[in-house]
Amino acid sequence: MIKEAKNPVLEIHDLTVTYHKKPVLWDIDLTIPAGSLTGIIGPNGAGKSTLIKTIMGLIKPSSGYSKIFDKPLDEVRKRVSYVPQRGSVDWDFPASVFDVVLMGRYSDAGMFKRIRKADRELAMDALQKVGMEKFSKRQISELSGGQQQRVFLARALAQHADLYFMDEPFAGVDAATENAIIDLLHEMTGKGKTVVVVHHDLQSAIKYFEWILLLNTRLVASGPVTEVFTSELLQKTYGGKLTLLTEIGNLLQREGLPARETK
Amino acid sequence: MNAFWIITTGSLVAITCSLLGCYLILRKMAMIGDAISHAVLPGIVIAFLYTGQRDSMVMLFAAALTGVFTTLLIELIHKKGKLQTDASIGVTFTLLFAIGIIMISVFAGQVDLDQDCVLYGEIAYVPFDVWLLDSGINLGPRAIWVLGGVLLIIIAFISLGYKPLYATTFDPGFAFTIGISIPLWHYLLMSLVSITTVASFEIVGAILVIAFLVVPPATAYLLTDDFKKMLMISSGIGILTAGSGYYLAVALNGSIAGAMAVMAGIFFTLAFFFSPSHGLLFKKLRKKRALLQGHEEGATTI
Ligand SMILES: Nc1ncnc2c1ncn2[C@@H]1O[C@H](COP(=O)(O)OP(=O)(O)OP(=O)(O)O)[C@@H](O)[C@H]1O
Ligand SMILES: [Mg+2]
């Protein structure tokens, strides 16, 4: 079930990605509507991170292409921001929380210009949004895993982009913070920004997202959450794992969503 | 006056190397300085055979090219051969250095270079090699001009390229997504390491160059959590090292470069034990205090 978005910010055409000749993404065609909070959902190894990395130009596809705001990525880099699944940085680097978030201002401020006061304020703002302003002077290794994740989120927020890709931003983040950040993301999409989030928890996915991609090497579905979250499509995505499907069945019942919507 | 020139020369080398070294150790490439300082030897010999001069811009340029070539070769072996970076560095620089040594011995009659000079240099001669203008004006030691020029280039490079250098060092993935070219900054940095290494090692010797590239930055790393401060502290330690090393050498009547390297090691050892943030001593004290505090808090809440 692949639905065309009316006003797409992102389109992907015939995208295939292989690692060592083994396909990881197979012939993906999709669109994502502007101003949506979109969830990418699928089992481990489904290619979710690979999809985002390919869109961000970090991995070269074997075939196909993607367009953002109807342009190739290189022309619109400033408007796109990416939070990787696991910050693969050296945590012992002499950098404070604030230093990291300030990097989010680098491209707007101009790569060879001085950082202005306004940039510092925007960085501090972003820190506040993830509830980390008290830690601004901390060295980054002196943070918990969830706090580290929030710092990288703040760096992305500081970029003031129009399209965000966040790869499991809530991994290790506590429930209160997750709710606060989801509210924040909704506020951003309300202002016309688009946020694409890789997410594992099916239960909260129903509440969070307007648009959903179900991915397992192939694109199983792409469309509004109410049309995509059917047990049939979920079963297809997760390959009919028994316990999981029972869980989803219960879930769909509780949420009162149509388990098998017929269009 | 000689003491002044020697300490100034040592300080110029120390600051230049320390600044670059801060980037190198954080990029886990501390030993690339070692590799480049040895691997440029064949490049220097070739340039020397062509121009017949020792201290020409051509030689610096040839060395920089060889340096970049060395880093390319290291990357190639690492990527295509799937060999770890440190092993690729080892393979590359020993091979190139050996080729350089063979060239020197083959062209011994024509080449006024010897291994000892390359490895150990002779900073004590710096004051005597002065730059005299045709009109007879004495502009001071030539080394000061060369090293001063290199230092200015490095400072300009670091202040102009601060953001891209910081981003590519700390988080190359992020740097890429905001459109910074990772190879561009890598090779710019490597060219400057090559130029610095070559400009310095003839004067102070390769071993002191390596010491300055690694030890003051490592010391500063132990003393601060702020990268800008790390740059400044390592330069400061570099100057202290050059100064104290000179007087140690005078006191012992020994090698100046050797004494400077020893002082660098002594400062590192001091930081290792007594650094307020990372030192072993304060870490222990802090742990003890935290434990005591924990006990007190525990006592009051109960
Ligand atoms: N660098 C790599 N080299 C080879 N294979 C890889 C590489 N990275 C990922 N893969 C493979 O590609 C497939 C997709 O990986 P990807 O990281 O995109 O999955 P994912 O959907 O993000 O999974 P997760 O939920 O665990 O994050 C996996 O089968 C993985 O083994
Ligand atoms: Mg992933």
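Scroll up a little and you will see the structure.
Trainee: Looking at this structure, how should I read the coordination of the magnesium ion (ligand 2)?
Mentor: Around a metal, the ideal angle is 109.5 degrees if four donors adopt a tetrahedral arrangement and 90 or 180 degrees if six donors adopt an octahedral arrangement. All names here are of chain A. Looking at the metal site, the magnesium ion (ligand 2) is ligated by S49 (OG) and Q85 (OE1), spaced 1.9 to 2.3 Å from it. Separated by 36 residues along the polypeptide, S49 in helix α1 (residues 48-55) and Q85 in the loop between β5 (80-83) and α3 (97-102) bring together distant segments of the chain. Judged by its relative accessible area of 16%, S49 is buried. Among the residues examined, Q85 registers a relative accessible area of 24% and is labelled partly exposed.

Trainee: I'm lost on the site of ligand 1 in this one. Help?
Mentor: All names here are of chain A. In the vicinity of ligand 1 lie 15 residues, with G45, K48, S49, T50 and Q85 positioned nearest. Between ligand 1 and the protein, one listed contact pairs an oxygen atom with a side-chain N or O atom of S49 at 2.6 Å. One of the side-chain N or O atoms of E168 is found 3.5 Å from an oxygen atom in ligand 1. Notes on ligand 1: free accessible area 640 Å², of which the protein chains cover 64%. Looking at the shell around ligand 1 element by element, the count peaks at three residues for α1. Of the residues in the shell around ligand 1, the class split is four nonpolar, eight polar and three charged.

Trainee: In this structure, what is going on with the interface of chain B and chain A? I would like to understand it.
Mentor: Accessible area lost when the parts come together is the quantity often used to give the size of an interface. Contact with chain B, which involves 25 residues of that partner, is made by 31 residues of chain A. Considering only the side of chain B, the residues that lose the most area to chain A are K163(B), F170(B) and F174(B), jointly responsible for 32% of the buried surface there. Counting every contact that joins chain B to chain A gives two salt bridges. D90(A) is the partner of K28(B) in a salt bridge, and the nearest nitrogen-oxygen pair spans 2.9 Å. It is helix α8 (residues 162-170) of chain B that contributes the most residues to the side of chain B that touches chain A, six residues altogether. Partitioned by chemical class, the residues of the side of chain B that touches chain A number 14 nonpolar, six polar and five charged.

Trainee: How do you make sense of the nonpolar core when you look at a structure like this?
Mentor: Where a protein is soluble and globular, its nonpolar side chains tend to be buried together. With 136 residues, the main nonpolar core has L185(A), L214(A), F229(A) and F227(B) as its most contacted residues. With residues near it in sequence (within four places) discarded, L214(A) still touches I41(A), L219(A), V220(A), A221(A), V228(A), L233(A), L234(A) and T237(A). Of all hydrophobic cores here, the second largest spans 30 residues; its members include A5(A), I40(A), I55(A) and I59(A).

Trainee: Help me out: how do you make sense of helix α5 (residues 117-129) of chain A in this one?
Mentor: Three- or four-residue spacings in an α-helix give side chains the same orientation, since the helix completes a turn every 3.6 residues. All names here are of chain A. Helix length check: α5, at 13 residues, gives a terminal C-alpha distance of 19 Å against a target of 18 Å (1.5 Å per residue), a fit within 8%. Check the buried side of α5 and you find it contacts α3, α4 (106-109) and α6 (145-158). Taken from the residues just after α5, G131 is the one with a positive phi, measuring 70°.

Trainee: I keep staring at unusual backbone geometry and nothing clicks. Help me out?
Mentor: Note: most peptide bonds trans; most residues except glycine with negative phi. Residues and elements named next belong to chain A. With phi around 50°, F69 is a residue other than glycine that occupies positive phi space. Looking at the element boundaries, F69 is found in the loop between β4 (63-68) and α2 (73-76). Positive phi, close to 65°, is recorded for D70, a residue that is not glycine. As for its position among the elements, D70 is in the loop between β4 and α2.

Trainee: Explanation requested: the packing of aromatic side chains in the structure shown.
Mentor: Describing an aromatic ring pair means giving the distance of the ring centres and the angle of the ring planes. Enumeration according to the criterion identifies 19 aromatic pairs over all chains in this entry. Clustering of aromatic rings is evident, with ring pairs tying together F93(A), Y23(B), Y162(B), Y166(B), F170(B) and F227(B). For the cation-ring pair, K163(B) lies above Y106(A), with the distance from its terminal atom to the ring centre recorded as 5.8 Å.

Trainee: Help me out: how do you make sense of the sheet that holds β5(A) in this one?
Mentor: Two pairing modes exist for strands in a sheet, parallel and antiparallel, and in both the strands are linked by backbone hydrogen bonds. All names here are of chain A. Spatially, the six strands line up as an open sheet ordered β5-β6-β7-β3-β8-β9, and their pairing is mixed. The strands lining the two open edges of the sheet, one partner per strand, are β5 and β9 (218-224). Here the strands of the sheet are splayed against their neighbours by 15° on average, with no regard to which way each runs. Pairing of strand β8 (residues 211-216) with β9 involves six bridges; the strand directions are antiparallel. Directly across from L214, in β9, lies its bridge partner A221. Contacts from helix α10 (residues 231-238) reach β3 (37-41), β8 and β9 within the one sheet, and its direction differs from that of β8 by about 35°.

Trainee: Explain a nonpolar patch on the surface here, please?
Mentor: All names here are of chain B. The grouping of V262, I266, L270, F272, F273, F274, L280, L281, F282 and L285 at the surface amounts to a nonpolar patch, some 840 Å² of accessible area in total. Considering each element in turn, the nonpolar patch owes the most residues, six residues, to helix α13 (residues 256-274). For F274, a relative accessible area of 45% corresponds to the partly exposed category.

Trainee: How should I be thinking about helix α7 (residues 142-160) of chain B in this particular structure?
Mentor: All names here are of chain B. Taking 1.5 Å as the rise per residue, α7 with 19 residues should run 27 Å; its terminal C-alpha atoms sit 27 Å apart, in good agreement. Taken as a whole, α7 has its buried residues at A143, I144, L147, G148, V150, L151, I154, F157 and I158. Where α7 is buried, its residues contact α1 (2-26), β2 (138-141), α8, α10 (182-204) and α12 (227-252).

Trainee: Please explain empty space enclosed by the protein as it appears in this structure.
Mentor: Rolling a probe over the atoms, with the probe sized like a water molecule, indicates the empty space that remains. Taken as a whole and assessed by the stated rule, the structure comprises one cavity of 30 Å³ or more. Reported here for the largest cavity is a volume of approximately 30 Å³. Lining the largest cavity are Y82(A), V83(A), P84(A), F152(A), R155(A), A156(A), Q159(A) and F174(B). Mapped onto the lining of the largest cavity, the elements with two or more residues apiece are β5 and α6 of chain A. Take the lining of the largest cavity: its biggest share by element is three residues, from α6(A). Partitioned by chemical class, the residues of the lining of the largest cavity number six nonpolar, one polar and one charged.

Calculation notes
- Residues numbered from 1 in each chain as written.
- Chains lettered and ligands numbered in written order.
- Predicted model: local features only at pLDDT ≥ 70, side-chain atom pairs only at ≥ 80, totals over all residues.
- Heavy atoms only, no water.
- Donors = N, O, S within 2.8 Å, 3.2 Å for Na, K, Ca; no water.
- Helix = DSSP H or I, 4+ residues; strand = E, 2+ residues; numbered from the N terminus.
- Buried < 20%, exposed > 50% of the residue type's maximum accessible area, 1.4 Å probe, protein only.
- Near = heavy atom within 4 Å.
- Polar contact = N/O pair within 3.5 Å; in protein donor to acceptor, adjacent residues only side chain to side chain.
- Areas by Shrake-Rupley, 256 points an atom, 1.4 Å probe, with all protein chains shown as cover.
- Nonpolar A, V, L, I, M, F, W, Y, C, P; charged D, E, K, R; others polar.
- Contact = heavy atoms within 4.5 Å.
- Buried area = accessible area lost by both parts, 1.4 Å probe.
- Salt bridge = Lys/Arg side-chain N within 4 Å of Asp/Glu carboxyl O.
- Core = buried A, V, L, I, M, F, W, Y, C linked by side-chain atoms within 4.5 Å.
- Expected span 1.5 Å × (residues − 1).
- Phe/Tyr/Trp six-rings, centres within 6.5 Å; stacked < 30°, edge-to-face > 60°.
- Lys NZ or Arg CZ within 6 Å of the ring centre and 35° of its normal.
- Pairing = 2+ DSSP bridges.
- Axes fitted to C-alpha atoms, helices over the stretch in contact; angles between N-to-C directions.
- Patch = residues over 30% accessible without salt bridge, like charges linked within 9 Å, V, L, I, M, F, W, Y side chains within 5 Å.
- 1 Å grid on protein atoms, 1.4 Å probe; cavity = no way out; pocket = protein on both sides within 12 Å on 5 of 7 lines; lining within 4 Å.
- Points joined across faces, edges and corners; volume = space filled by probe spheres on them.

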